[in-house]
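Close look at the chain arrangement
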Amino acid sequence: MELTFYFAMANSYFEFKKFTVRQDLCAMKVGTDGVLLGAWASLAGCRDVLDVGTGTGLITLMLAQRGESENRLLQIDAIDIEPGAVKQAILNIQASPFSDRIHAECRSFVSYARLSEKRYDLIVSNPPYFHNSLKCPDVQRNTARHTDTLTLKELLEGGSRLLLPAGRIALILPADRKEELARLSESLGLNIIRQTDVSSVEGKPPKRLLAELSFDTSGCMYNSMALETALHRYTSEFTELVKAFYLKI
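Parameters and conventions
- Residues numbered from 1 in each chain as written.
- Predicted model: local features only at pLDDT ≥ 70, side-chain atom pairs only at ≥ 80, totals over all residues.
- Heavy atoms only, no water.
- Helix = DSSP H or I, 4+ residues; strand = E, 2+ residues; numbered from the N terminus.
- Buried < 20%, exposed > 50% of the residue type's maximum accessible area, 1.4 Å probe, protein only.
- Contact = heavy atoms within 4.5 Å.
- Areas by Shrake-Rupley, 256 points an atom, 1.4 Å probe, with all protein chains shown as cover.
- Core = buried A, V, L, I, M, F, W, Y, C linked by side-chain atoms within 4.5 Å.
- Pairing = 2+ DSSP bridges.
- Right-handed = clockwise from strand over helix to strand, strands pointing away.
- Expected span 1.5 Å × (residues − 1).
- Polar contact = N/O pair within 3.5 Å; in protein donor to acceptor, adjacent residues only side chain to side chain.
- Axes fitted to C-alpha atoms, helices over the stretch in contact; angles between N-to-C directions.
- Parallel < 35°, antiparallel > 145°, perpendicular 65-115°, else oblique.
- Left-handed = near helix turned anticlockwise from the far one by under 90°.
- Nonpolar A, V, L, I, M, F, W, Y, C, P; charged D, E, K, R; others polar.
- Phe/Tyr/Trp six-rings, centres within 6.5 Å; stacked < 30°, edge-to-face > 60°.
- Lys NZ or Arg CZ within 6 Å of the ring centre and 35° of its normal.
- pLDDT = per-residue confidence, 0-100.

**Here's the deal with the overall build of the protein chain**
Across its full length, the protein chain holds eight helices and 10 strands. Put simply, the protein chain has 249 residues, and 52% of those count as buried. Excluding contacts between residues fewer than 6 apart, the proportion of contacts in the protein chain whose partners are at least 24 apart in sequence is 75%. In the structure as shown, the protein chain presents an accessible area of about 11,600 Å², 52% of it carried by carbon and sulfur atoms.

Quick look at the structure:
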């Protein structure tokens, strides 16, 4: 569903209200999925945050901006297995107003989850989600898009180890992986506590799933959202979610 914001791909950068994301060194460009997650993930009670598969650093920068506006001085670690992506993220972070609170490095999440002694209030990820599908010749893009380098099971297993007792994992996935997410979460003692089904146009089936998981057993808050009306205008819900970031909204 990377449909609305790829008009920036003709340029080597994407300008937001409070930061700029350059993307010439990174296989995965700025897209709707990352923007949705960066704007949607809850920061309630957060101080320490981990962005898994940071790519350009987009979600990290969005969370840093939100933390500042909510008077939360977030400390954010951003990791990615692809060296070009990390280099890109570091350049974007250094050029932003939030660089003193963000650390980015080239790391495998599986090894990081196994070795790190740090624990987090929030782990966010726009993970690779293509599996058993045809790959393109671009090795960097395959690494970013396909589950060969990080499966959902590995992400949830590692995430559950790195969470503080009241911590949360926030993800965006294709809608057809909802049952898989529920099954894997249950096996690890995690619960889906917040869920938004996202459709591209009002009245159409959901294409994406925004999910927040934790060890909390109090139940799930559920809603749905469309990005556009039938007349291809942004919905009020989507506009409200992203208006702090987009220059033309």
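**As for the nonpolar core**
If you look at the biggest cluster of nonpolar residues, it comprises 40 residues, and the most contacted ones within it are Phe16, Phe19, Leu37, Leu63 and Leu122. Here this core takes six residues from helix H2 (residues 58-69), the largest share from any one element. With near-sequence residues (within four places) excluded, Leu122 lies in contact with Ala41, Ser42, Leu43, Cys46, Asp48, Val49, Leu50, Leu63, Arg168 and Ala170. One finds Leu150, Leu152, Leu162 and Ile169 within the second-largest nonpolar core, a separate group that totals 24 residues.

**Overview of the pairing of strand S4 (residues 75-80)**
Extensive coverage of S4 is indicated by the burial of five of its six residues. Alignment of strand S3 (residues 48-52) against S4, held across five bridges, turns out to be parallel. Residue pairing for S4: Val52 is matched across the bridge by Ile79. With respect to chirality, the unit in which S3 leads through H2 into the neighbouring parallel S4 is right-handed. Strand direction decides the pairing type here: S4 and strand S5 (residues 102-106), joined by five bridges, are parallel.

**Focus: helix H3 (residues 83-94)**
An α-helix turns once per 3.6 residues; consequently, residues spaced three or four apart project the same way. Over its 12 residues, H3 runs 16 Å from end to end, which matches the ideal 16 Å to within 8%, given 1.5 Å per residue. Taken together, the buried positions of H3 are Gly84, Ala85, Val86, Gln88, Ala89, Asn92 and Ile93. At the N-terminal boundary of H3, the capping side chain belongs to Glu82, with an oxygen 3.0 Å from the backbone nitrogen of Gly84.

**Quick notes on the packing of helix H1 (residues 32-40) against H2**
As a packed pair, H1 and H2 sit with axes 9 Å apart at the nearest point and diverge in direction by 25°. Our classification of the angle between H1 and H2 gives roughly parallel. The handedness of the crossing between H1 and H2 is right-handed. The residues of H2 that touch H1, namely those facing Gly34, Val35, Leu37, Gly38, Ala39 and Trp40, are Leu58, Ile59, Met62, Leu63 and Arg66. Across the contact of H1 with H2, the residue classes tally to eight nonpolar, two polar and one charged.

**Some remarks on the packing of aromatic side chains**
Summed over all chains, the structure comprises five aromatic pairs. Aromatic rings pair up to connect Phe14, Phe16, Phe19 and Tyr246 into one cluster. One Lys or Arg, Arg194, reaches over the ring of Trp40 and ends 3.8 Å from the middle of that ring.

**Things to note about the packing of helix H6 (residues 152-162) against helix H7 (residues 178-187)**
Relative orientation of the contacting elements H6 and H7 amounts to 35°, with a least axis distance of 10 Å. The way H6 lies across H7 gives a crossing that is right-handed. Residue-level inspection shows Leu152, Lys153 and Leu156 of H6 in contact with H7, the latter providing Glu180, Leu181, Leu184 and Ser185. Across the contact of H6 with H7, the residue classes break down as four nonpolar, one polar and two charged.

**Brief notes about the environment of Met225**
Summarising the element assignment, Met225 is placed in strand S10 (residues 221-228). Residue class for Met225 comes out buried when judged on its relative accessible area of 11%. Taking C-alpha positions, Met225 is 8.0 Å from Glu202, a pair spaced 23 residues apart along the chain. Those residues in contact with Met225, other than ones at most four positions away along the chain, are Leu36, Thr196, Asp197, Val198, Ser199, Glu237, Phe238 and Leu241.

**Looking at the confidence of the model for the protein chain**
For the protein chain, per-residue confidence averages 90 on the pLDDT scale, and residues scoring 70 or more make up 88% of the total. A low-confidence stretch, residues 130-136 stays under pLDDT 50, and its non-local contacts, those more than four residues away or across chains, total 12 contacts. Confidence over residues 138-147 falls short of pLDDT 50; this stretch has 29 contacts with residues more than four positions distant or in other chains.

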